[in-house]
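# Results of the structural survey
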Amino acid sequence: MVNSGKEMLSSAQQLISQTGKRMGLEQELINRLVLPERIIEFALPLEKDDGRLEVLIGYRSQHNNLRGPYKGGIRFHQNVTREEVQALSLLMTIKTAVANIPMGGGKGGIAVDPKSLSKAELRKLSKLYAQKLAPFMGQDIDIPAPDVNTNPQIMQWMLEEYEAIKGKKEPSAFTGKAVEHGGSLGREEATGYGGVIALEELLSRLQLDKQRPLTIAIQGFGNVGYFFSEAAYSKGHQIVAISDSKGGITAHETGNLEPKLVIDCKKEQGSIAGCYCVGGLCDSSNGENITNEQLLELPVDILVPAALETVITSKNMQNIKAKIIVEMANGPITEEAREYLTHKGVYILPDVLANAGGVIVSYLEWVQGKQGYWWSKKEVIARLEEIMKSAFSDVWTRSAEKDIDLKSAAFEVALQRLTAQL
Ligand code: NAD
């Protein structure tokens, strides 16, 4: 996992270069889109509760703002590196262009295990990060949001610090805020729901929409994994496996895990191991614990990596049995594995489309904050659905016209929209 940032960066840059060449773009133009406009790296001297000083490293990569202000999350994770943040910011540039929203691409992070910090230390660290980024951000410049291990509370701490420095209210400087602090209804569910909207579009184009239930295995049961599973379950699909960082559970090919019951069980127990028992008799024919590696290789119709990057690689690609993979995490499949699986006939709904729901509702939150008028959840979800369906349709049409896979098509759509600004 330690080098995964480098691998993801090289995969993403390779994709832009290949796409640009296929489209006949000049090399100078390709370089312009590959390289970030600015990467800020800052030392964050955190005074711990016991008085010790720990200096952590934080990053913000502002990849491209041709179509609007830089936009992207901030993650707190021990494996965060400069390369990982750069790769994720590049993917954000592509994602906002695929979604056709007036924003560019950015990403930030701190190399820290947030579970090792007290609440007071986490608050201090979030405010330190906002202090360092304040001169380089703002609602029309760069708009951060939550990502892995960050949440509305952390956004609120950062916004408070940012507004104190600027001496004014500016709710649209951050998105992913709690509703009572200027957040949007529907933002919490947006990424997971958006993924299911895209999946349903794909199933309908593949004429699989009448076939219910389809079996689904989901790696990662945080914000994205949970809301994806909830929406997929409510659409009549069968959730046969779920995992988190501590491992997973499967209900075998015949069982169905009810997401709401599993999340309640996880909250009670602290992990989801053993949660296959909920809502039914607990014996091993009902389900069992499995590893994250086993989950990826289950014989399911749809596999949903919704945790971290680079989990499907040359090492396990031959063991993947799913017919459809929905990339809800960013960069979960390496280029080599993508080419292999695409050649094998697997449909991969690419991250830059599948998980765009989060940034789409972040954009809707930004619009609402700027106009000082908030919409109902129904309105927000309806707009999300409209934008996701339109993005899917653009990518699908390009894929059919050029006889290329969905990720290549998504990159073409994005590069066309980006170069139109030059
Ligand atoms: P989260 O922190 O809420 O949840 C992450 C989940 O992954 C947790 O269940 C955690 O236990 C699990 N996990 C962590 N390490 C794991 C490992 N090694 N193996 C298996 N599971 C592991 O994060 P999230 O917001 O759900 O984000 C998940 C992914 O989706 C990330 O790649 C993120 O970049 C991407 N994403 C998130 C959003 C969003 O709006 N939250 C938007 C777009 C993309």
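Before reading further, recall that the structure is shown in the block above.
Here is a short report on the structure shown in this document. (Residues numbered from 1 in each chain as written. Predicted model: local features only at pLDDT ≥ 70, side-chain atom pairs only at ≥ 80, totals over all residues. Heavy atoms only, no water.)

## Digging into the site of the ligand
Cut-off, in case you're wondering: Nearness is defined per residue: one heavy atom within 4 Å of the molecule or strand is enough. Two N or O atoms count as a polar contact when they lie within 3.5 Å, although within protein this holds only if one can serve as hydrogen donor and the other as acceptor, and sequence-adjacent residues are included solely when both atoms are side-chain atoms. To measure how exposed things are, a 1.4 Å probe is used in the Shrake-Rupley method; for residues, cover is taken only from the protein chains shown.
In the vicinity of the ligand, 22 residues are found, and the nearest of them are T191, F221, V224, S245 and N330. Separating an oxygen atom of the ligand from a backbone N or O atom of S245 is a distance of 2.9 Å. Within the backbone of M328, an N or O atom sits 3.4 Å from an oxygen atom of the ligand. Considering the ligand on its own, with 830 Å² of exposed area, one finds that the protein chains cover 83% of that surface.

## Comments concerning the pairing of strand β1 (residues 38-47)
Cut-off, in case you're wondering: Any two strands with at least two DSSP-identified bridges between them are counted as paired. In DSSP terms, a helix is any run of H or I states spanning at least four residues, a strand is any run of E spanning at least two, and both are numbered starting from the N terminus.
Relative to strand β2 (residues 53-64), β1 runs antiparallel, the two sharing 10 bridges. The residue bridging E41 from the neighbouring strand is Y59, located in β2. Remark: five residues form the turn of the hairpin made by β1 and β2, two consecutive strands paired antiparallel; G51 in that turn has positive phi of roughly 95 degrees.

## Digging into the sheet that holds β2
Counted only if it meets this: For helices, the fitted axis covers only the stretch in contact; all axes are lines through C-alpha atoms, and the angles between them, taken along N-to-C directions, range from 0 to 180 degrees.
With mixed pairing, five strands are arranged side by side in an open sheet as β1-β2-β4-β3-β5. Two strands in the sheet have a free side with no partner beyond their single neighbour: β1 and β5 (142-146). Recorded for the sheet is a direction-independent mean angle of 20 degrees between the axes of neighbouring strands.

## Some details on the packing of helix α1 (residues 4-22) against helix α14 (residues 406-419)
The line we're drawing: The cut-offs work like this: below 35 degrees is roughly parallel, past 145 is roughly antiparallel, 65 to 115 is roughly perpendicular, and the gaps in between are oblique. We call two residues in contact whenever any of their non-hydrogen atoms come within 4.5 Å of each other. Charged residues are taken to be Asp, Glu, Lys and Arg, nonpolar residues to be Ala, Val, Leu, Ile, Met, Phe, Trp, Tyr, Cys and Pro, and polar residues to be all remaining types, Gly included.
Interhelical geometry of α1 versus α14 gives an angle of 70 degrees and a closest axis separation of 10 Å. Judged by the angle between their axes, α1 and α14 are roughly perpendicular. For the pair α1 and α14, the contacting residues are A12, L15, I16, T19, G20 and R22 in the first and K407, S408, F411, E412 and L415 in the second. Split into classes, the residues belonging to the contact of α1 with α14 amount to five nonpolar, three polar and three charged.

## Concerning α14
Residues that lie three or four places apart on an α-helix share one face, since the helix turns once every 3.6 residues. Defined as follows: Multiplying 1.5 Å by the residue count of a helix minus one yields the expected span of that helix.
Under the 1.5 Å per step criterion, the end-to-end length of α14 is 20 Å for 14 residues, consistent within 8% with the ideal 20 Å. One side-chain oxygen of the residue at the start of α14 lies 3.1 Å from the amide nitrogen of K407, identifying that residue as D405.

## Some points on the packing of aromatic side chains
Given two aromatic rings, one states the distance between the centres and the angle between the planes to describe the pair. Worth spelling out the cut-off: Aromatic rings from Phe, Tyr and Trp, taking only the six-membered ring of Trp, are treated as a pair when their centres fall within 6.5 Å; an angle between ring planes under 30 degrees marks them as stacked, one over 60 as edge-to-face, and anything in between as tilted. Buried residues are those whose accessible area, probed at 1.4 Å on protein chains only, stays under 20% of the maximum for their type, while exposed residues exceed 50% and partly exposed ones sit between those limits.
By the definition in use, this model includes seven aromatic pairs. Ring geometry for Y193 versus F227: centroids 6.1 Å apart, planes at 80 degrees, classification edge-to-face. With Y193 in helix α6 (residues 187-205) and F227 in helix α7 (residues 223-234), the pair connects residues that are 34 residues apart, well separated along the chain. The class for Y193 is partly exposed, based on a relative accessible area of 22%. Ring geometry for Y363 versus W366: centroids 6.2 Å apart, planes at 35 degrees, classification tilted. Of the two residues, Y363 and W366 both sit in helix α12 (residues 357-371), three residues apart, roughly one turn of that helix. Note on accessibility: Y363 and W366 belong to one class, buried. What links up through ring pairs into an aromatic cluster is the set Y193, F221, Y226 and F227.

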